[in-house]
Amino acid sequence: MPIFWDSGCVDEDHSAFLPQLGLWEAAMARLLQPPPKFLPAEWHMANENQYHRAEAERSRSERLVAESQRLVEEIGKTTRKSQSDVNKKLEQRLEEVRFWKKELDDKLEELVCTTEDLLTYRTRLENALESLKEPLHITQMCLEYREKRVGIDLVHDKVEQELVKEAEIIRGVTALLTRTLEEVSEQIRLNRSAKYNLEKDLKDKFVALTIDDVCFSLNNNSPNIRCSENAVRVEPHSVSPEDWLEFSNANVEKAAKQRSSSLALKALVDRILSQTAGDLRRQCDAVDAAFRDGLQETKGARDKLAAHLAKVMEEIACQEKNVTVLEKAIADQEGPAKVAHTRLETRTHRPNVELCRDAAQCRLVREVQEIAHGVARLKETLARAQAELKGLNCRQLALQEEVQVKENTIYIDEVLCTHMRKSIPPRDGGDQGEWAGGPRPDAVC
């Protein structure tokens, strides 16, 4: 409805709004006008435009539907293929992990078996070292006992040389077995370190197999499946497949290396035990042979000394008889000497011319001289006989002392040393287990 303004009502204060009011009245006038009429051609053209626009919109919609279907099919196919590839990769991964797990299991079993063998070998070495203490003590005691020999028998003979050599061999074998025992203990430590790495790797692979088995068994209808935020993140401690393979391979190679070293060490221990047992046995036999030969020689010397002592004692008895005979002979000459001297002294009392140096007188003088000379010879022989008897007595004492020296040596070597050496355990170089204190493992892992 038109609005009429009273021009008289407009004051000076509203004069500034007059142009805007005019424009507004013009616009309202146009709105209140009736709509324009269109021509038939325009009507047909407008319809045709609507038809074309509807067709275009429909065509675009059909193409979008078709494209959407292809996209859905393509995405579904891609997803199924991707899921299938993932399943294959998981299956391959499971096979690979199972392969390496079996490798680790095999190496672990071999290493455990080898370590158990080394523990047995260590016990054998410990027993071998323990078994050397008694032989060394016996050898040292034999040397100490033989220092108690006296006189000429305190000689650096073959027996002492072999005993000293035996003590040196035992000390050398002890040092060698001690070093070998240290090597075995160190190898056991290395084996246990490799075993720890294998067990840790096996534990991780068991967990990984469990996880991947669960992942491999999942499908689109599995329960408890969900989307996770940041599921495609890269863990900071994750490793590359090359690093993973290198890690497991390093554990396997380390275990194989330690097992190889263990087998070589076992062979070395066998050789050492065999060689040392043989050396000790041969030296023990050499010492025993030296004792037998020494005893035989000492007993022979003792028997010869005893034989000479018997002869000397027999000669002493003979010489004592000889001295007695000589003393009696000298005593027997006393009567004839007195007779001769008495005759000469009596005939000196013949008177005057009867005091003649006749044949009887001359013979009496010669008789006195002969008796004196005979007695002198007898006394000289008696002195010589007494000197010989004294020498024989001294020789008897010396021989008796030497026999006692030999008896003392025989007692030390035969009763003390040889009897004590019988307690040395036998060592057969062909079977190390006997003297090493334990059976050698027959099974080689």
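Residues numbered from 1 in each chain as written. Predicted model: local features only at pLDDT ≥ 70, side-chain atom pairs only at ≥ 80, totals over all residues. Heavy atoms only, no water.

A look at the overall build of the chain
- Within the chain, the regular secondary structure consists of seven helices and zero strands.
- The order of α-helices and β-strands along the chain, N terminus first, is α-α-α-α-α-α-α.
- The long-range share in the chain, meaning contacts at least 24 apart out of those at least 6 apart in sequence, stands at 88%.
- As displayed, the chain offers around 30600 Å² of accessible surface, 57% of which is attributable to carbon and sulfur atoms. (Helix = DSSP H or I, 4+ residues; strand = E, 2+ residues; numbered from the N terminus. Contact = heavy atoms within 4.5 Å. Areas by Shrake-Rupley, 256 points an atom, 1.4 Å probe, with all protein chains shown as cover.)

Side note on the pattern of salt bridges
- Applying the stated criterion across every chain, the model contains 36 salt bridges.
- The shortest N-O distance in the salt bridge between R149 and D157 comes to 3.5 Å.
- The exposure class assigned to R149 is buried, which follows from its relative accessible area of 3%.
- Among the ionic pairs, E414 bridges to K299, the shortest N-O distance being 2.9 Å. With E414 in helix α6 (residues 359-421) and K299 in helix α4 (residues 241-332), this pair connects stretches of sequence that are 115 residues apart.
- Assessed through its relative accessible area of 33%, E414 is described here as partly exposed.
- Through salt bridges with shared partners, a single ionic network connects R146, R149, D157, E160 and D413. (Salt bridge = Lys/Arg side-chain N within 4 Å of Asp/Glu carboxyl O. Buried < 20%, exposed > 50% of the residue type's maximum accessible area, 1.4 Å probe, protein only.)

What to know about α6
- End to end, α6 covers 89 Å across 63 residues, agreeing with the expected 93 Å (1.5 Å per residue, within 8%).
- The largest bend in α6 comes to about 25°, at Y411. (Expected span 1.5 Å × (residues − 1). Bend = angle between axes of the 7 residues up to and from the residue.)

Comments concerning the packing of aromatic side chains
- Following the criterion strictly, the structure yields one aromatic pair and no others.
- Seen from their ring centres, F99 and W100 are 5.5 Å apart, and the 80° between their planes marks the pair as edge-to-face.
- Accessibility expressed as a relative area gives 46% for F99, which makes it partly exposed.
- Looking at R93, its charged tip hangs above the ring of W244, at a distance of 3.8 Å from the centre.
- Positioned over the ring face of Y121 is R124, at 4.8 Å from the centre of the ring. (Phe/Tyr/Trp six-rings, centres within 6.5 Å; stacked < 30°, edge-to-face > 60°. Lys NZ or Arg CZ within 6 Å of the ring centre and 35° of its normal.)

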